[in-house]
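Inside the fold
Given next are the chains, with one letter for each unit.
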Amino acid sequence: MNREVTLPLIVDDRGTLQVTAADVSKLLRTVGGRWLRLVEAGQEGLDEDTVATLTIELAKLADRIDVACIAHSSGGASG
């Protein structure tokens with residue numbers, strides 16, 4: 001299944017980007033890592049399988065953002 005994700009990034013009234021894609025992908029990876037550490041520490045109420053699945057999906061999204069940025073900066077993709 002091909003799932004396209006469009007992330008509206010935060011821009012000011014002049015169109016200047018306020019949040020970089022690198023910051024977004026770093027945030028996604030950080031959230032997943034923190035969830036995993038909470039599970040490893042025995043945090044109650046967190047299902048290990050669910051956290052693992054969500055963390056993997058966040059990492060995949062971060063990877064897609066990174067790849068799209070690399071392709072864009074190298075002129076290798078359009079759209």
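Located above this text is the structure these notes cover.
Described below are features of the structure shown in this document. In this text, all values refer to a predicted model and were calculated from it rather than measured experimentally.

1. Focus on the environment of Ser 25
Checked against the element boundaries, Ser 25 lands in helix α1 (residues 21–40). Distance in space between the C-alpha atoms of Ser 25 and Lys 60 is 9.7 Å, their sequence separation being 35 residues.

2. Overview of the nonpolar core
Across soluble globular proteins, you tend to see nonpolar side chains buried next to one another. Judged by nonpolar contacts, Ala 21, Val 24, Leu 28, Leu 58, Leu 61, Ala 62 and Ile 65 together constitute the single largest core of seven residues. Where this core is concerned, the elements lending two or more residues are α1 and α2 (48–74). With four residues, the single largest contributor to this core is α2. Every residue in contact with Ala 21, bar those within four places of it in the chain, is listed here: Ile 65 and Cys 69.

3. Observations concerning the pattern of salt bridges
Side chains that carry opposite charge are capable of pairing whenever their charged atoms lie near each other. Tallied over the full model, the rule gives three salt bridges. Here Arg 29 makes a salt bridge to Asp 63, at a shortest N to O gap of 2.8 Å. Here Asp 63 lies in helix α2 and Arg 29 lies in helix α1, a separation of 34 residues in the sequence. Its relative accessible area of 39% is what places Asp 63 among the partly exposed residues. Taking the shortest distance from any N to any O, the salt bridge between Glu 57 and Lys 60 comes out at 3.3 Å. Here the residue Glu 57 and the residue Lys 60 both occupy positions in helix α2, the gap between them amounting to three residues, near one helical turn. For Glu 57, a relative accessible area of 32% corresponds to the partly exposed category. Where salt bridges share partners, they join Arg 29, Asp 63 and Asp 66 into one cluster.

4. Observations concerning the packing of α1 against α2
Two elements in contact, α1 and α2, have axes separated by 9 Å at closest approach and are oriented at 165°. With respect to α2, the element α1 is oriented roughly antiparallel. In this structure, the crossing between α1 and α2 has a hand that is left-handed. Broken down by class, the residue content of the contact of α1 with α2 amounts to 16 nonpolar, three polar and four charged.

About the cut-offs
Residues numbered from 1 in each chain as written. Predicted model: local features only at pLDDT ≥ 70, side-chain atom pairs only at ≥ 80, totals over all residues. Heavy atoms only, no water. Helix = DSSP H or I, 4+ residues; strand = E, 2+ residues; numbered from the N terminus. Core = buried A, V, L, I, M, F, W, Y, C linked by side-chain atoms within 4.5 Å. Buried < 20%, exposed > 50% of the residue type's maximum accessible area, 1.4 Å probe, protein only. Contact = heavy atoms within 4.5 Å. Salt bridge = Lys/Arg side-chain N within 4 Å of Asp/Glu carboxyl O. Axes fitted to C-alpha atoms, helices over the stretch in contact; angles between N-to-C directions. Parallel < 35°, antiparallel > 145°, perpendicular 65-115°, else oblique. Left-handed = near helix turned anticlockwise from the far one by under 90°. Nonpolar A, V, L, I, M, F, W, Y, C, P; charged D, E, K, R; others polar.

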